[in-house]
Amino acid sequence: MYQCPMKCEGEKTYESEGKCPKCGMFLQKIDEKVIPIHSESQNEHEHTHNHSLNHKGHEKHNLHDVHKRPCSCGEADCDGTCERACHCSFEEMNHMSHIQVSGGQSKGAFICPMRCEGEKTYDKPGDCPVCGMHLIEVVSFGEYTEVSDSGLEAYKEMKHRLIISVIFALPVFLLAMGELIPGLDLFIESLFTKKVNLLVQFALTIPVIFYTSRFIFVKAVKSFKGFNLNMFTLIGIGTGSAWIFSTVATFIPEIFPVSIKVHGGYPPVYYETTVIILTLVILGQMLELFAHSKTNSAIKELLNLVPATAIVIRNGEDIEMPLSEVVVEDRLRVKPGNKIPVDGFVISGSGVVDESMISGEPIPQEKVQGDKVTGGTINTNGSFVMEAKQVGGDTVLARIIEMVNEAALSKAPIQKLADRVAGYFVPAVIIISILTLVTWGLIFNNWQLGIVNSIAVLIIACPCALGLATPVSIMVGTGKGAQKGVLIKNAKSIEQMRRVTTVLVDKTGTLTVGKPTYKDTVSTSEINRLDVLSIAASIDKNSEHPLAQAIVKAAETENVSINQTDDFKMYTGEGVTARIDSELYGIGNEKLMGRLGVQPNYDSSLVEALQSTGQTVMFVMNTSQILGLVSVHDPIKESTASAVQTLHELGVKIMMLTGDNENTARAVAHELGIDAYMAGCLPEDKFEKVKELQSEGAFVSMAGDGINDSPAIAQADVGIAMGTGTDVAVESSDITLVSGDLSGIAKAKVLSVGVMKNIKQNLFFAFVYNALGIPVAAFGLLNPIFAGVAMTLSSVSVLTNALRIRRIDLQLNYHQTRDTFIN
């Protein structure tokens, strides 16, 4: 007999296996008290249950609100109310592993980045039915949840389309434009007659029109259905009209008036205009999809931080099991070198944990009984047993993923100027075209010429120069930035960077080098400072701790002798000891002094002074006295001070957000002249600070290098990553500074101003061409040669102007030109 474990139908039973008709959970045998963890049937149950959950409501559940599983006390008749009761059935844990981290969407959900339909989602990738933008994925968290490759696949597909378009567009361009170039025109005429030339151009455009660019025309048609006129409408009408006109002119030239025909008896054709514009649109779409795929890559990197399994202590035995089966209050064993699986507390043993993922600080933290540990961080040394307190979507890492995903979804692309004016420009062109047809037909009684002139209006309005205006400037600008170590991922970041008023920066790895470095040694006894350093290095030679390695490296640099030691011991949270020539020495903190019975015979004001400047101070001692002090610090990068000054001169405020302590944060902020700082920041603190400043009207850029910075980087108007930092930070960012030099932010801002000024100039050239060409075409004065020359000159002017970006001086005197860049 089988029964629903949720008792949806009370005590009702079934004779065979199956799913509950109410909740969809797999029925259990009535005498089955404990669900097998590793059985094949369980895996099948989980799969069936998970599948059903993916199509249910998008609610968010709390671990403590779900059905209880049989108690871990082992008593078959326990009602689950004893103190050792666990919190979830394995089915519920699998449910939790699928719960969407980013605000309650189910696995496999896709949403429009422009939010055309609010929060409406779709269960498969594709294009928004309203604006035509490619849908982006809403990412979920858990062992069974993977970030789909839809964004990456869409990018690869668009790249494939671009390559094919370029292959066919280039020869069309050469065949068409060659007629206007002395020498080349004669060569082309020697190869082809005019008719063959046009037929070859027509044939070469077919793959571009009907394959690589088909999606553009589909989006253009959709835009008319809902009257959501946009860039695709503009491109679709212009290129479609140009291609249809050219095709008719190629195959039925006799229907056109003699007045518009050129030599060879053919009207002008616009095949090259059509394919070049469509190829440029495909390029823009590819770059946009590339940016979306990078967001998913960042989340994948974060998911990879979680170990697939955990060592759970059950009935006194160590059992390795999938992470999704770990529940609150489970006891877990963490061995040296292992990733910590979930959030919790150390209950026995000790370890040295690298928490740079959370705090951003390079120095591992020693963990003893009662200390909190975080899932995804690494236990570099020691072994301990921990108790799970937060699992699944409740962990710190899950919240980081949630914030990165939320930020990515909230950053809708900036509509290009061409897209914004399309809502006005497209109807105006259509109206002018219709009026042209009616006027020539009814007033001048020449419908043939009316048709030709109305189509000419649509063709002359085709935004050839307009299509070049933005992408060419962006390409030249990104190339210029790359030469200077500023890698710009998308057009949006170039547009946004010029508007940045506040730059938030991480400390470690951004302002500073990012690793502990030896600072100084001070003797407090009769022996000299080099002997103190020698003792410290001799002991630390046995340790893998980053602080110890920094001291050993300093001793080697200063040619200080490093002696043999015996009886090395490490005391977690205190320090280390060893014997040199049979005498016991130690290096550590006040707790180690107490262990060795050493009196604090040192100047406390000296220690406080060193700590106030951000230095970590360690005491070198024997069993009778303090011999001296050794300090390490995370030094400020050489370029940081000048970069801060430059940003100030550009009118940008700078705020430091660091996970380090108050003393160190204050010291660094004071030394660099930073406007404000926050110490002890967790990832969510940085993320919330970005949102707070944005709500106050600030245009925010966040610069960082760590996993803990990635949510804030993703949320910022312009996210900037140090190229020397983690892959997650780089993937979450809009701009990457290759060398990790903060001055790259100032370079990016100057470049942004120059590129956007250049784009506006290009748009001016393009619109002037359209404004002059449309009335000329409407009045029947469109001389084909003039039209061809005008279109060519318009495009050439745009290309020539864009190339001027290469001459922008990113190292100019910012102070003298400050007003240029503030707005």
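Source: prediction; values computed, not measured.

*Asks:* Which residues make up the overall build of the protein, and what values go with them?
*Replies:* The secondary structure content of the protein amounts to 27 helices and 25 strands. Split into buried and exposed, the 823 residues of the protein put 53% on the buried side. Excluding contacts between residues fewer than 6 apart, the proportion of contacts in the protein whose partners are at least 24 apart in sequence is 67%.

*Asks:* Help me get a handle on helix α6 (residues 214–225), residues and values and all.
*Replies:* For α6, with 12 residues, the first-to-last C-alpha span of 17 Å sits near the 16 Å given by 1.5 Å per residue. Listed in full, the buried residues belonging to α6 are Phe215, Ile216, Lys219, Ala220 and Ser223. Within α6, the buried residues cover an arc of 145 degrees as seen down the axis, which keeps them to one side. Facing away from the buried side of α6, by more than 90 degrees, are the exposed residues Arg214 and Lys225. In the segment just after α6, Phe227 is the residue with positive phi, at about 50 degrees.

*Asks:* So what's going on with the sheet that holds strand β20 (residues 626–633)? Residues and values would help.
*Replies:* Here six strands make up an open sheet; going across it, the order is β15-β20-β19-β18-β17-β16 and the pairing antiparallel. Lying at the two open borders of the sheet, with one neighbouring strand each, are β15 (517–523) and β16 (566–571). Along the sheet, successive strands turn relative to each other by an average axial angle of 20 degrees, direction set aside. Sheet analysis places β16 next to strand β17 (residues 575–580), joined by four bridges and oriented antiparallel. The partner of Tyr571 across the bridge, within β17, is Gly575. Lying on the sheet, helix α16 (residues 529–540) is in contact with β15, β16, β17, β18 (583–588), β19 (616–622) and β20; it crosses β15 at an angle near 130 degrees. Its contacts with the sheet place helix α19 (residues 604–612) against β15, β19 and β20, and it is angled at close to 145 degrees to β19.

*Asks:* If you had to explain the environment of Leu650 to someone new, which residues and values would you point to?
*Replies:* By the secondary structure assignment, Leu650 is in the loop between α20 (640–649) and β21 (653–657). In this structure the C-alpha to C-alpha distance between Leu650 and Val750, which are 100 residues apart in sequence, comes to 9.1 Å.

*Asks:* Which residues make up the side chain of Lys689, and what values do they have?
*Replies:* Relative to the elements of secondary structure, Lys689 occurs in helix α22 (residues 683–695). Among the residues examined, Lys689 registers a relative accessible area of 14% and is labelled buried. Setting aside its immediate chain neighbours within four residues, Lys689 contacts Leu504, Met655, Leu657 and Met678.

*Asks:* Tell me what's going on with the packing of helix α5 (residues 194–212) against α6, and back it up with residues and numbers.
*Replies:* Two quantities define a packed helix pair, namely the angle between the axes and the distance from one axis to the other. Where α5 meets α6, the closest approach of the two axes is 5 Å, and the angle between their N-to-C directions is 50 degrees. Judged by the inter-axis angle, α5 sits oblique to α6. Contacts between α5 and α6 involve Val208, Ile209, Phe210, Tyr211 and Thr212 from the first element and Arg214, Phe215 and Phe217 from the second.

*Asks:* Tell me about the nonpolar core, and name the residues and values.
*Replies:* Judged by nonpolar contacts, the single largest core of 44 residues is most densely connected at Ile720, Ile735 and Ile745. Sorting elements by how many residues they give to this core places helix α25 (residues 743–778) first, with nine residues. What Ile720 contacts, discounting residues up to four positions off in sequence, is Met497, Ser701, Met702, Ala703, Gly704, Ile713, Ser733, Ile735, Leu737 and Ile745. Ranked by size, the runner-up nonpolar core spans 39 residues in total, among them Val208, Trp243, Tyr271 and Val275.

*Asks:* So what's going on with the packing of aromatic side chains? Residues and values would help.
*Replies:* Under the counting rule described, the total for this entry stands at eight aromatic pairs. With a centroid separation of 5.9 Å and 25 degrees between ring planes, the pair formed by Phe202 and Trp243 is classed as stacked. With Phe202 in helix α5 and Trp243 in helix α7 (residues 231–251), this pair connects stretches of sequence that are 41 residues apart. Each member of the pair Phe202 and Trp243 is classed as buried. Aromatic pair Phe210 and Trp243: ring centres 5.5 Å apart, planes at 80 degrees, arrangement edge-to-face. With a gap of 33 residues between them, Phe210 in helix α5 and Trp243 in helix α7 connect regions that are remote in the sequence. The exposure class assigned to Trp243 is buried, which follows from its relative accessible area of 11%. Grouped by ring-pair contacts, the aromatic residues Phe202, Phe210, Trp243, Phe251 and Tyr271 constitute a single cluster. Taking NZ or CZ as reference, Arg161 lies 5.3 Å from the ring centre of Tyr211, over its face.

*Asks:* How would you sum up the packing of helix α12 (residues 447–460) against α25? Please name residues and give values.
*Replies:* Close contact between α12 and α25 brings their axes to 8 Å; oriented N to C, the two are set at 175 degrees. Between α12 and α25, the angle falls in the class roughly antiparallel. Residues Asn453, Ala456, Val457 and Ile460 of α12 pack against Tyr769, Asn770, Gly773, Ile774, Ala777 and Ala778 of α25. Within the contact of α12 with α25, the residues separate by chemical class into seven nonpolar, three polar and no charged.

*Asks:* Give a detailed account of the pairing of β21, specifying residues and quantitative values.
*Replies:* Burial analysis of β21 places four of its five residues in the buried class, the great majority of the element. Sheet topology places strand β14 (residues 502–506) next to β21; five bridges connect them, and they run parallel. Residue Asp506 lies in a different strand from β21, and its bridge partner there is Leu657. As paired elements, β21 and strand β22 (residues 676–678) share three bridges and run parallel to each other. If you follow Leu657 over to β22, its bridge partner there is Met678. Between the parallel elements β21 and β22, the chain passes through helix α21 (residues 662–672) in a crossover that is right-handed.

*Asks:* Which residues make up the environment of Asn542, and what values go with them?
*Replies:* Secondary-structure assignment places Asn542 in the loop between α16 and α17 (546–557). Sequence-distant contacts of Asn542, defined by excluding residues within four places in its chain, comprise Thr565 and Phe568. Within the structure, the side chain of Asn542 is placed 3.0 Å from the backbone oxygen of Ile539, a separation counted as a polar contact. For Asn542, the side chain forms a polar contact with the side chain of Thr565, separated by 2.9 Å.

Cut-offs used in this document
- Residues numbered from 1 in each chain as written.
- Predicted model: local features only at pLDDT ≥ 70, side-chain atom pairs only at ≥ 80, totals over all residues.
- Heavy atoms only, no water.
- Helix = DSSP H or I, 4+ residues; strand = E, 2+ residues; numbered from the N terminus.
- Buried < 20%, exposed > 50% of the residue type's maximum accessible area, 1.4 Å probe, protein only.
- Contact = heavy atoms within 4.5 Å.
- Expected span 1.5 Å × (residues − 1).
- Arc of directions from axis to C-beta.
- Pairing = 2+ DSSP bridges.
- Axes fitted to C-alpha atoms, helices over the stretch in contact; angles between N-to-C directions.
- Parallel < 35°, antiparallel > 145°, perpendicular 65-115°, else oblique.
- Core = buried A, V, L, I, M, F, W, Y, C linked by side-chain atoms within 4.5 Å.
- Phe/Tyr/Trp six-rings, centres within 6.5 Å; stacked < 30°, edge-to-face > 60°.
- Lys NZ or Arg CZ within 6 Å of the ring centre and 35° of its normal.
- Nonpolar A, V, L, I, M, F, W, Y, C, P; charged D, E, K, R; others polar.
- Right-handed = clockwise from strand over helix to strand, strands pointing away.
- Polar contact = N/O pair within 3.5 Å; in protein donor to acceptor, adjacent residues only side chain to side chain.

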